[in-house]
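Spelled out, the chains give:
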Amino acid sequence: MVQPATLLSLTNAVQPRMLHDLRSLVEIESPSDDPAAVNRAVDWVEQYARQLGATTTRHSQHDFGDHLEARFGSGTRPPILLLGHLDTVWPLGALASMPFKIEQGRAWGPGTLDMKGGVIMALTALSILLKQNSLDREVILWLVSDEEVGSTSSRPLTEKLAGEVGAVLVLEPGQGLHGAAKTWRKGVGGYTVRVHGVASHSGVDFEKGHSAVIELARQILKIRDFTDLSRGLTVNPGVISGGTRSNVIAADALCEVDVRIKRLTDAEHIEQLMRSLLPVDPACRLVIEGGINRPPMERTEKVLALYSKARNLAQQIGFELREEGTGGGSDGNFTAALGVPTLDGLGTVGEGAHATHESILLDELPRRTALLAALIQSL
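Q: Could you give me a rundown of the overall build of the chain, with the residues and numbers involved?
A: A count of helices and strands for the chain gives 10 helices and 18 strands. Its C-alpha atoms put the chain at 80 × 45 × 40 Å along the principal axes. The buried share of the chain, taken over its 379 residues, is 54%. When contacts within the chain are restricted to residue pairs at least 6 apart in sequence, those whose partners lie at least 24 apart make up 80%. By element, 51% of the accessible surface of the chain is carried by carbon and sulfur atoms, the whole surface being about 15900 Å². Of the charged side chains in the chain, 37 are positive and 45 negative; the average position of the first set lies 3 Å away from that of the second.

Following this line, the structure appears as structure tokens:
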């Protein structure tokens, strides 16, 4: 087993190569809604993995790019799953206004933080462990192509792989500029509330109409009150639409509602609340669609045991690894909900995910990669 301090020396030595590889991957733009573009990124990572001796499988999907499964090493113990994604929120052409660059102690560009930097970290950590003959169990690198749009096609495959492994290390970025590991994440849901009213002319037949817009306004006030900050439950009516013209009593209106839950038991709670909505105007009809689509990653004993090991290894490398949680979800939510020990936020450290100032801190890259390698060999 390679000592953590030695792993740091090795990752420091290969940092120029890591930045070269990061540029290559970032400059392969891979928006979720362009399967061909995502597959170009998959091609690049697959070739890299095969050069390291991995066996690879591509899981093709009709509406998305391929999901990549790369298996490294072998052993008798359950494998470790390195979990990440290759799709980004950035459209083709984003590089023109925010090109990859190294400035001010950072690497900048679309996808550097979320999360191509984490992918490069994983490939580098595995490369070092293989060269040091310190990989005595199988490691599965699982990179999906639809995480940024809900993981609808990859979720069953992610959950199937989770059933094989002893632990999951999520390559999403650390929390904040201090790079805390994520020991909990909120679950995510979405509902659409549709209101069907009765249209009429607002000047000629006002009294014959039953406004879907007014009914929706009443329902939004009810939905607002479902939020319970004491239990980590937030409900946000975020998008509304309705009506056709100002002189027409609106026949239809809708609202899109974002839901975040900290505890799995609240999935049923919010479902009951949303489905219990009834129209105030009996002439209007409500249709409620949606539900919780990503369970919470709860701060369980299994998660904390994995974090404790990571924190101790970080201390040996020379830095403090804090723990935090976040209201945002990741594919780690799926594996943690199955009871598989999962630790999130093990990727790069930086800021600006989904924003034009997306960037990672260069000084953090070697030691975060050393930590990832140390975790892989010590679990």
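Okay, back to it.
Q: Requested: an account of the sheet that holds strand β7 (residues 167-170), with residues and values cited.
A: With mixed pairing, the six strands of this open sheet are ordered in space as β1-β2-β6-β3-β7-β16. Edge positions in the sheet fall to β1 (55-59) and β16 (342-343), since each has one partner strand and no second. Direction of pairing for strand β3 (residues 80-85) relative to strand β6 (residues 139-144): parallel, over a ladder of six bridges. From the neighbouring strand, L82 faces β6, where its bridge partner is L141.

Q: Outline the sheet that holds strand β13 (residues 252-261), supporting the account with residue identities and numerical values.
A: Overall, antiparallel pairing links the four strands, which are arranged β11-β13-β9-β14 in an open sheet. With partners counted over all chains shown, the strands left at the sheet margins are β11 (234-242) and β14 (285-294), one partner each. For this sheet, the mean angle separating the axes of adjacent strands, direction not counted, is 15°. Of the pairings in the sheet, the one linking β11 to β13 comprises eight bridges and is antiparallel in character. The residue bridging G242 from the neighbouring strand is A253, located in β13. Helix α7 (residues 265-275) contacts β9 (187-196), β11, β13 and β14 of the sheet and is inclined by roughly 170° relative to β14.

Q: I'd like a description of the packing of helix α2 (residues 15-26) against helix α3 (residues 35-51), backed by residues and values.
A: When two helices pack together, their arrangement is captured by the angle between the axes and the distance separating the axes. Direction vectors running N to C along α2 and α3 enclose 150°, while the axes themselves pass 10 Å from each other. One element, α2, and the other, α3, form an angle in the roughly antiparallel class. Together, R17, D21, S24 and L25 of α2 and A41, W44, V45 and Y48 of α3 make up the contact between the two elements.

Q: With reference to specific residues and values, describe the nonpolar core.
A: With 66 residues, the main nonpolar core has V45, F72, L82, L141, L169, L372 and I376 as its most contacted residues. The leading source of residues in this core is helix α4 (residues 112-131), at 11 residues. Discounting residues that sit within four places of it in the chain, L169 has contacts with I80, L81, L82, L83, L306, L343, L346, L372, L375, I376 and L379.

Q: Lay out the environment of D136 in plain terms, naming residues and giving numbers.
A: As for its position among the elements, D136 is in the loop between α4 and β6. Taking relative accessible area as the criterion, D136 reaches 49% and is therefore assigned partly exposed. Sequence separation between D136 and K302 is 166 residues; the distance between their C-alpha atoms is 23 Å. Residues in contact with D136, not counting those within four places in the same chain, are S74, G75 and R77. There is a polar contact of 2.8 Å between the side chain of D136 and the side chain of R77.

Q: Tell me about the pattern of salt bridges, and name the residues and values.
A: Here the structure, examined in full by the defined rule, presents 26 salt bridges. R260 is the salt-bridge partner of D258, the closest N and O atoms lying 3.0 Å from each other. Take D258: its relative accessible area is 25%, and that puts it in the partly exposed class.

Q: Please give an account of the side chain of H67 that cites residues and values.
A: For H67, the position within the fold is in strand β2 (residues 67-72). Reaching out from H67, the side chain makes a polar contact with the backbone nitrogen of S145 at a distance of 3.0 Å. Of note is the side chain of H67, whose polar atom sits 2.9 Å from the side chain of S153. Not counting residues within four places of it along the chain, the set of residues in contact with H67 comprises T57, R58, H59, Q61, W142, L143, V144, S145, D146, S153, S154 and L157.

Q: Lay out the packing of α2 against α4 in plain terms, naming residues and giving numbers.
A: For the pair α2 and α4, the least separation of the axes is 10 Å and the interaxial angle reads 130°. Classed by the angle they form, the pair α2 and α4 counts as oblique. Handedness of the crossing formed by α2 with α4: right-handed. When α2 is examined against α4, the residues M18, D21, L22, L25 and V26 are found in contact with a partner set consisting of T112, K116, G117, V119, I120, M121 and T124. Looking at side-chain class alone, the contact of α2 with α4 contains seven nonpolar, three polar and two charged residues.

Q: Please give an account of the environment of T342 that cites residues and values.
A: With respect to the helices, strands and loops of the structure, T342 is situated in strand β16. T342 gets classed as buried once you look at its relative accessible area, which sits at 0%. Spatially, the C-alpha atoms of T342 and A162 are 9.8 Å apart, while their sequence positions differ by 180 residues. When neighbours within four sequence positions are excluded, T342 is seen to be in contact with V168, V170, M297, V303, L306, G332, T335 and A336. There is a polar contact of 2.9 Å between the side chain of T342 and the side chain of T335. There is a polar contact of 2.8 Å between the side chain of T342 and the backbone oxygen of V340.

Rules behind the numbers
Residues numbered from 1 in each chain as written. Predicted model: local features only at pLDDT ≥ 70, side-chain atom pairs only at ≥ 80, totals over all residues. Heavy atoms only, no water. Helix = DSSP H or I, 4+ residues; strand = E, 2+ residues; numbered from the N terminus. Buried < 20%, exposed > 50% of the residue type's maximum accessible area, 1.4 Å probe, protein only. Contact = heavy atoms within 4.5 Å. Areas by Shrake-Rupley, 256 points an atom, 1.4 Å probe, with all protein chains shown as cover. Lys, Arg positive; Asp, Glu negative; His and termini not counted. Charge placed at Lys NZ, Arg CZ, Asp CG, Glu CD. Pairing = 2+ DSSP bridges. Axes fitted to C-alpha atoms, helices over the stretch in contact; angles between N-to-C directions. Parallel < 35°, antiparallel > 145°, perpendicular 65-115°, else oblique. Core = buried A, V, L, I, M, F, W, Y, C linked by side-chain atoms within 4.5 Å. Polar contact = N/O pair within 3.5 Å; in protein donor to acceptor, adjacent residues only side chain to side chain. Salt bridge = Lys/Arg side-chain N within 4 Å of Asp/Glu carboxyl O. Left-handed = near helix turned anticlockwise from the far one by under 90°. Nonpolar A, V, L, I, M, F, W, Y, C, P; charged D, E, K, R; others polar.

Note that every value here comes from positions in space, so none of it alone points to a role or purpose.
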